[in-house]
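Residues per chain, in single letters:
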Amino acid sequence: MRHLLLIDEAEYEIGLVPAPTGDGDGAYRLLLGDEIIPVSLEGTVLTVGPAREKVAVAVDGNVAFVHFRGRAHRVEFRDAIDRFAKGAVGGGADSIAAPMPGSVVSVAVSAGDAVHAGQVLMVIESMKLETAIKAPRDGVIETVHVAPAKTFNKGAALIALQAAE
Amino acid sequence: MRLIESLIDTTSADFQANATHNRNLAEGLRERHRKARFERPVRDLERLARQGKMTVRERIEALLDPGTPFFELSTLAANQAYGGEVPGAAIVTGIGIIAGQEVVIHADDPAVKGGAWYPLSVKKIVRALDIAVENRLPVVHLCDSAGGFLPLQADLFADKYLAGRIFRNQSILSKLGVPQVAIVLGHCTAGGAYIPALSEYNVIVRGTGAIFLGGPPLVKAATGEVVTVDELGGCDTHTQISGTADYPADSERHALAIARDIVGTWKRAEKLKIERIRPEDPHYDPQELYGIIPRDIKVQFDMREVIARLVDGSRFHEYQPAYGTTLICGFAHLWGMRVGIIGNNGVLFNDSSLKGAHFMQLCDQNRTPILFLQNITGYMVGREYEHRGITKDGAKMIMAVSGLEVPKITVIVNGSFGAGNYGMSGRAFDPRFLFMWPQSQISVMGADQAANVLTELKVRQATRGGDTLSAEAVSAIREPILEDYRRLSGAYYSTSEMWDDGILDPVDTRNALGITLSATLNRPIDRPHFGVFRM
């Protein structure tokens, strides 16, 4: 499967394979559309086909910033697993169910509140352990089903989010 | 492998409060380490200077390759024993590099009670040699001990894992073809005399080094013979007459140089071939670990946030991401070495237990060492879970963890309670190394629950005659119980008793795992085979 790169917002599906031995270390073949382009990075010199450029590269996780000819380009590697997962971005269920039996320690939100993914909605306790229940996605709280000190069984609905549009 | 997406808000008040709390704990740990390593009574240091001896730290520094790390083990052993007067249990142990070779170091500390062996000193030497046996690491002994501490001899002499085990382990190492060199820098008397005698190589310092079963006073008392230390067991006696020692040395530095040369002649062990890539720093700053570990041990946190700050590039391939979600399983690289990771994300249920046992078999099959990250209150209780077989599912995990042939390393990140400690590769399950973080607690059950049970028993005794107790009276019973229980479940008590190999500053954990994981790879591993899993 080819990789997806976002270069300054433009999308490119590319493949990168090691060049046959004899081309030296750091030599690859770039597959782009039907083209096969010899590329290499030796020290700070990037070769793409016949073109040679002196570049500076800074890597931050899945994003690389490549600087040449006085301009920086943002190159983002989009992981195929994230790319093809349904609802990977802004996804998540509408209803949050209790992961285990327990009791409610505190509730941090009420109906109508706007919440963002990862925000703590309530804290529950089970088996001597406090667990924060977090928003699975950005959204608005529709209903809070439980109040502090209330006990619940596994699978009980704790909080509902308004259905995503 | 995918980059873990961290959901931590590093600007939140909670994160900041955790960070302050955990940084203070780390600072406290560093201070205790400094004291245990360097604070010694002036008269002991003066005595060493008079004898022309180096301190144990100076000796180790001179012994190791310059610029290489010394990974010290159990620095705070005995910190809560013997009135706190025997720092490090009078022994320094660790893994260092000599002539490019990983070795285990065992060094007596002559500035602590003349290097006398206390019961925990013996435990520390035995543990260091266990590490050498389990990981096939050569050993360098720096011998300078006054001998066993007589008032406590009953606790250090006769039982299976006491002093005799030192010499048994030395013999087993030799049988396995793992070499040892002993450097005799002081008197090696009685049992201590066998350490150089059982090493394939030993070096003795002229003037200060001596080896004998009984010193001159004992000889005189036993047979009436009057003899000097040198005549009885000094450098020239043993290197020229008895053949008990191999290499004479003119000074400590001379002896250390000879020992380095000896290690340089040893054949280097071939490392186990595991999947390796070029190492990469974690994408997320390990300093953020301070803000992630909640200041209250009862509060749950996502172990993926910890994994993201330990592994190469913060990249993790999560196995069965939707099943048994209270146990995180997956693959990552640590300093370029592929590892399987099993970390707690809540109570162990039936599904998470099955997932754990299954993943362990998978790692054993594909020859991947396993890192266990413990934060566990135990296995889920209740009718529904018993009916589904939570006990036999926990037993599956224990069967799997016991039967693993691949190396395991365990880090107790926060809580380690009940049978969860077992299924997650606690001390009894022979992880090659086990470390704790400063805040962690380890006990049969949590302090509050245990204190409640114990208090109830005492209250029942007190009210047997029909009396009733006031709330203050109950609290007066409960508070000391709780305090005592907390102390005995704390990381400093654990490390004092050597239930672990040391307490780690969370930010040092990645390096510690790199060194120890590399050390585990010196030993070939057997094919996967397990006992019977109760299905």
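In this text, all values refer to a predicted model and were calculated from it rather than measured experimentally.

Quick notes on the rules
Residues numbered from 1 in each chain as written. Chains lettered and ligands numbered in written order. Predicted model: local features only at pLDDT ≥ 70, side-chain atom pairs only at ≥ 80, totals over all residues. Heavy atoms only, no water. Helix = DSSP H or I, 4+ residues; strand = E, 2+ residues; numbered from the N terminus. Rg over C-alpha atoms; globule rule 2.2 N^0.38 Å. Buried < 20%, exposed > 50% of the residue type's maximum accessible area, 1.4 Å probe, protein only. Pairing = 2+ DSSP bridges. Axes fitted to C-alpha atoms, helices over the stretch in contact; angles between N-to-C directions. Contact = heavy atoms within 4.5 Å. Buried area = accessible area lost by both parts, 1.4 Å probe. Salt bridge = Lys/Arg side-chain N within 4 Å of Asp/Glu carboxyl O. Polar contact = N/O pair within 3.5 Å; in protein donor to acceptor, adjacent residues only side chain to side chain. Nonpolar A, V, L, I, M, F, W, Y, C, P; charged D, E, K, R; others polar. Core = buried A, V, L, I, M, F, W, Y, C linked by side-chain atoms within 4.5 Å. Expected span 1.5 Å × (residues − 1). Arc of directions from axis to C-beta.

Draft legend 1. Representation of the overall build of chain B in the model. When helices and strands are counted, chain B shows 20 helices and 16 strands. Radius of gyration (C-alpha) of chain B: 25 Å, near the 24 Å computed for a compact globule of 535 residues. For the C-alpha atoms alone, the extent of chain B along its principal axes is close to 75 × 70 × 50 Å. Taken across its 535 residues, chain B has 55% of its residues classed as buried.

Draft legend 2. Looking closely at the sheet that holds strand S8 (residues 63–68) of chain A. Residue and element names in this part refer to chain A. Taken in spatial order, the nine strands line up as S6-S5-S4-S3-S2-S1-S9-S8-S7 in an open sheet, and their pairing is antiparallel. The open sheet terminates on both sides in strands that have one partner only, identified here as strand S6 (51–54) and strand S7 (56–60). Across the sheet, the mean angle from the axis of one strand to that of its neighbour is 30 degrees, orientation sign disregarded. In the sheet, strand S4 (residues 35–42) pairs with strand S5 (residues 45–48) via four bridges, with the strands oriented antiparallel. By the bridge assignment, Glu42 is partnered in S5 with Val45.

Draft legend 3. Broad picture of the interface of chain B and chain A. Listed per partner, the contact involves 19 residues of chain B and 16 residues of chain A. Between chain B and chain A the total buried area reaches about 1800 Å² when both faces are included, carbon and sulfur atoms providing 60% of it. Area buried by chain B at its contact with chain A is led by Arg2, Lys298 and Thr377 of chain B, which between them contribute 30% of it. A salt bridge links Arg2 of chain B to Asp82 of chain A, with the nearest nitrogen and oxygen atoms 2.0 Å apart. At the boundary of chain B and chain A, one finds six residue pairs in polar contact (both at pLDDT 80 or more). Counted by class, the side of chain B that touches chain A contains 10 nonpolar, five polar and four charged residues.

Draft legend 4. Fine view of the nonpolar core. Residues and elements named next belong to chain B. By size, the foremost hydrophobic cluster in this structure holds 97 residues, and its most contacted members are Ile166, Val306, Ile341, Ile342, Met360 and Leu373. By residue number, the principal contributor to this core is helix H4 (residues 119–135), which donates eight residues. Not counting the four nearest positions on each side in its chain, Ile342 is found in contact with Leu327, Ile328, Cys329, Gly356, Phe359, Met360, Ile370, Leu371, Phe372, Leu373 and Met424. Of all hydrophobic cores here, the second largest spans 25 residues; its members include Met54, Leu63, Leu64 and Ala255.

Draft legend 5. Molecular detail of helix H17 (residues 447–462) of chain B. Residues and elements named next belong to chain B. Look at H17: 22 Å from first C-alpha to last across 16 residues, which is about the 22 Å you get at 1.5 Å a residue. Taken together, the buried positions of H17 are occupied by Ala447, Ala450, Ala451, Thr455 and Val459. One side of H17 holds all its buried residues, which, seen down the axis, span an arc of 160 degrees. On its buried face, H17 is in contact with helix H18 (471–489).

Draft legend 6. Representation of the pattern of salt bridges. Residue and element names in this part refer to chain B. If you walk through the whole model with that rule in mind, you get 40 salt bridges over all chains. In this structure, Glu72 engages Arg57 in a salt bridge whose closest nitrogen and oxygen atoms are separated by 2.6 Å. Taken together, the positions of Glu72 in strand S2 (residues 71–73) and Arg57 in helix H3 (residues 56–63) put the pair 15 residues apart, joining distant regions of the chain. Each member of the pair, Glu72 as well as Arg57, is classed as buried. Between Asp312 and Arg510 there is a salt bridge, with the nearest N and O atoms lying 2.8 Å from each other. With a gap of 198 residues between them, Asp312 in the loop between helix H12 (303–307) and strand S10 (315–319) and Arg510 in helix H20 (residues 509–520) connect regions that are remote in the sequence. Overall, Asp312 belongs to the buried group, its relative accessible area being 4%. Relative accessible area serves as the criterion here: at 6%, Arg510 is assigned to the buried category. Because the salt bridges share partners, they merge into one network encompassing Lys53, Arg59, Asp144 and Glu252.

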